[in-house]
Amino acid sequence: MGEGLVDRLAKILPNGRGVWIPMDHGISSFPEKGLENMDQVVSSCISGGADAIVLQKGALSHFVETTGWSNFVCHVSVSTVNAGEKNQYKVRVANAKECLIRGANAVSAQINLGDNFEPEMIEEMGKLTGEALPLGLPTLGMIYPRGPMLKISEGDITKGVAHAARVAWELGCDVVKVPWTGDVESFKLVCQAVPIPVLISGGPRDISFDKLLHNVELAISAGGSGVCVGRQIFGANDPESCVKALRAIVHDNRTSTEASKLLER
């Protein structure tokens, strides 16, 4: 691992852990609750102590300039709700060099395992990690086992999530984001499957934030490295306190009950 890569990873995963906030959702569908005023929500997340914020390239350029902050991750995968049978086919819209020029500290791409266009997404992820490596840019792989062609191995209690993590690592990603598996036993298998940091997604958008905090506590106890959570943060009434609560668990080893007390009710 090159020196530049190590330094950049350390910025967004201090001591190997991180609270990352993806806000790339507006390109898929809009209006999106919480993203109508991104200047305000980005500022709140930075104030709350987010370790990284994941944005599409146009938004990233804007916020690099307006905030002077440097912990942005450029997400290069896009699809929209208008694409019919291809609405889960994430196409690539930037290369690693462009992301670096725009001020990104890392790059990110998505693969939906089991989708009819899974091979194309895998190919693009492989190209992205190859571009990012010589530039010293870390790559986040957002890997979701959820397509109609998905095949779960018999006895796989992770329901394909361990395989998702493995795909990211073997394609050269430095960090992987996967769904929470539901319990410590299964998530341990996910973390044991790869030697890279594993972040959990927020899960269903309708779960309570207290439930999310509990899931994060369990994920950390199972060997997880943190969270990459979007809608439950930018769609909240007080994103800053939500980030602080997540930090209490991820970085301060507080319980979810203790972290919940930091929320503005």
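Residues numbered from 1 in each chain as written. Predicted model: local features only at pLDDT ≥ 70, side-chain atom pairs only at ≥ 80, totals over all residues. Heavy atoms only, no water.

**Comments concerning the packing of helix 2 (residues 38-48) against helix 10 (residues 239-250)**
Put simply, the rule is: Note on geometry: axes are lines fitted to C-alpha atoms, helical ones only across the stretch in contact, with angles between N-to-C directions running from 0 to 180 degrees. A run of DSSP states H or I qualifies as a helix once it reaches four residues; a run of E qualifies as a strand once it reaches two. Both are numbered from the N-terminal end. In this scheme, a crossing is called left-handed if the near helix is turned counterclockwise away from the far one by less than a right angle; it is called right-handed if the turn is clockwise. Note on definitions: a residue-residue contact is assigned when non-hydrogen atoms from the two residues lie within 4.5 Å. Gly is put with the polar residues, along with every residue not named as nonpolar or charged; the nonpolar set is Ala, Val, Leu, Ile, Met, Phe, Trp, Tyr, Cys and Pro, and the charged set is Asp, Glu, Lys and Arg.
Closest axis-to-axis distance for the helix 2/helix 10 pair is 8 Å, and the angle between their directions is 30°. Of the two possible hands of crossing, helix 2 and helix 10 adopt the one that is right-handed. In this structure, helix 2 uses Val-41, Ser-44, Cys-45, Ser-47 and Gly-48 to contact helix 10, whose residues at the interface are Pro-239, Glu-240, Val-243, Lys-244 and Arg-247. Tallied by class, residues from the contact of helix 2 with helix 10 come to four nonpolar, three polar and three charged.

**Concerning the packing of helix 2 against helix 3 (residues 57-67)**
For the pair helix 2 and helix 3, the least separation of the axes is 12 Å and the interaxial angle reads 65°. When you trace helix 2 past helix 3, the crossing you get is right-handed. Where helix 2 abuts helix 3, its residues Met-38, Asp-39, Val-42 and Ile-46 lie against His-62, Phe-63 and Thr-67. Tallied by class, residues from the contact of helix 2 with helix 3 come to four nonpolar, two polar and one charged.

**Things to note about the pairing of strand 2 (residues 52-55)**
A regular strand places its side chains on the two faces of the sheet in alternate fashion. Applied cut-off: For every residue, the accessible area (1.4 Å probe, protein chains only) is compared with the maximum for its type, and the residue is labelled buried under 20%, exposed over 50%, or partly exposed between those bounds. Whether two strands pair depends on DSSP finding at least two bridges between them. With strands facing away from the observer, any crossover in which the path from the first strand over the helix to the second runs clockwise is taken as right-handed.
Of the two faces of strand 2, the one holding Ala-52 and Val-54 and the one holding Ile-53 and Leu-55 are both buried throughout. The pairing of strand 1 (residues 18-22) with strand 2 spans three bridges and is parallel. Across the sheet, the residue bridging to Pro-22 is Val-54, located in strand 2. Note that the unit made of strand 1, helix 2 and strand 2 has a crossover that is right-handed. Bridge count between strand 2 and strand 3 (residues 72-75): three bridges; the pairing is parallel. Among the inter-strand pairings, Val-54 is bridged to a residue of strand 3, identified as Val-73. Handedness of the crossover is the feature at issue here: the chain leaves strand 2, passes through helix 3, returns alongside strand 3, and the resulting connection is right-handed.

**A few points about the environment of His-25**
With respect to the secondary-structure elements, His-25 resides in the loop between strand 1 and helix 2. In this structure the C-alpha to C-alpha distance between His-25 and Leu-55, which are 30 residues apart in sequence, comes to 8.7 Å. When sequence neighbours within four positions are dropped, the list of residues in contact with His-25 reads Glu-32, Leu-35, Gly-230, Arg-231 and Phe-234.

**Comments concerning helix 5 (residues 118-132)**
Counted only if it meets this: Between the first and last residue of a helix there are one fewer steps than residues, each counted as 1.5 Å, and that sum is the expected span. What the arc describes is the spread of directions from the helix axis to the C-beta atoms.
A rise of 1.5 Å per residue sets the reference length of helix 5, with its 15 residues, at 21 Å; its end C-alpha atoms lie 21 Å apart and thus fit the reference within 8%. Those residues of helix 5 lying buried are Met-121, Met-125, Leu-128, Thr-129 and Ala-132. Buried residues of helix 5, viewed axially, fall in a sector of 95°; they line one side. Summarising the contacts, the buried residues of helix 5 are in contact with strand 5 (91-92), helix 4 (96-101), strand 6 (106-113) and strand 7 (139-145).

**Section: the packing of aromatic side chains**
Basically, it comes down to this: Classification of ring pairs rests on two measures: the distance between centres of Phe, Tyr or Trp rings, Trp counted by its six-membered ring, which must be within 6.5 Å, and the angle between planes, read as stacked under 30 degrees, edge-to-face over 60 and tilted in between.
As enumerated under the stated definition, the model contains three aromatic pairs in all. Relative to Phe-72, the ring of Trp-69 has its centre 5.0 Å away and its plane inclined at 80°; by these criteria the two rings are edge-to-face. Pair check on accessibility: Trp-69 and Phe-72 agree, each one buried. Here Tyr-89 and Phe-117 contribute two aromatic rings whose centre-to-centre distance is 4.7 Å and whose plane-to-plane angle is 10°, an arrangement assigned as stacked. Taken as a pair, Tyr-89 in the loop between strand 4 (77-78) and strand 5 and Phe-117 in the loop between strand 6 and helix 5 lie far apart in primary sequence, 28 residues in all.

**Points about the nonpolar core**
Inside soluble globular proteins, nonpolar side chains tend to come together where they are buried. Note the threshold: Only buried Ala, Val, Leu, Ile, Met, Phe, Trp, Tyr and Cys residues count toward a nonpolar core, and they belong to the same one when joined by side-chain atoms within 4.5 Å.
Counting 71 residues, the largest nonpolar core has Met-23, Ile-53 and Phe-187 as the members making the most contacts within it. Among the elements that take part in this core, helix 10 stands out by supplying seven residues, more than any other. Residue contacts for Ile-53: discarding those within four places in its chain leaves Ile-21, Met-23, Val-42, Cys-45, Ile-46, Trp-69, Asn-71, Phe-72 and Val-73.

**A look at unusual backbone geometry**
Geometrically, the link from Phe-30 to Pro-31 is a cis peptide bond, its omega value of 10° lying close to zero. Mapping Pro-31 onto the fold places it in the loop between strand 1 and helix 2. Unlike most non-glycine residues, Lys-159 shows phi in positive territory, near 55°. Along the polypeptide, Lys-159 turns up in the loop between strand 7 and helix 6 (161-170). A residue is classified by how much of its surface remains accessible, and Lys-159, at 58% relative accessible area, is exposed. Here Asn-253, not a glycine, exhibits a phi torsion of approximately 55°, which is positive. By the secondary structure assignment, Asn-253 is in the loop between helix 10 and helix 11 (256-260).

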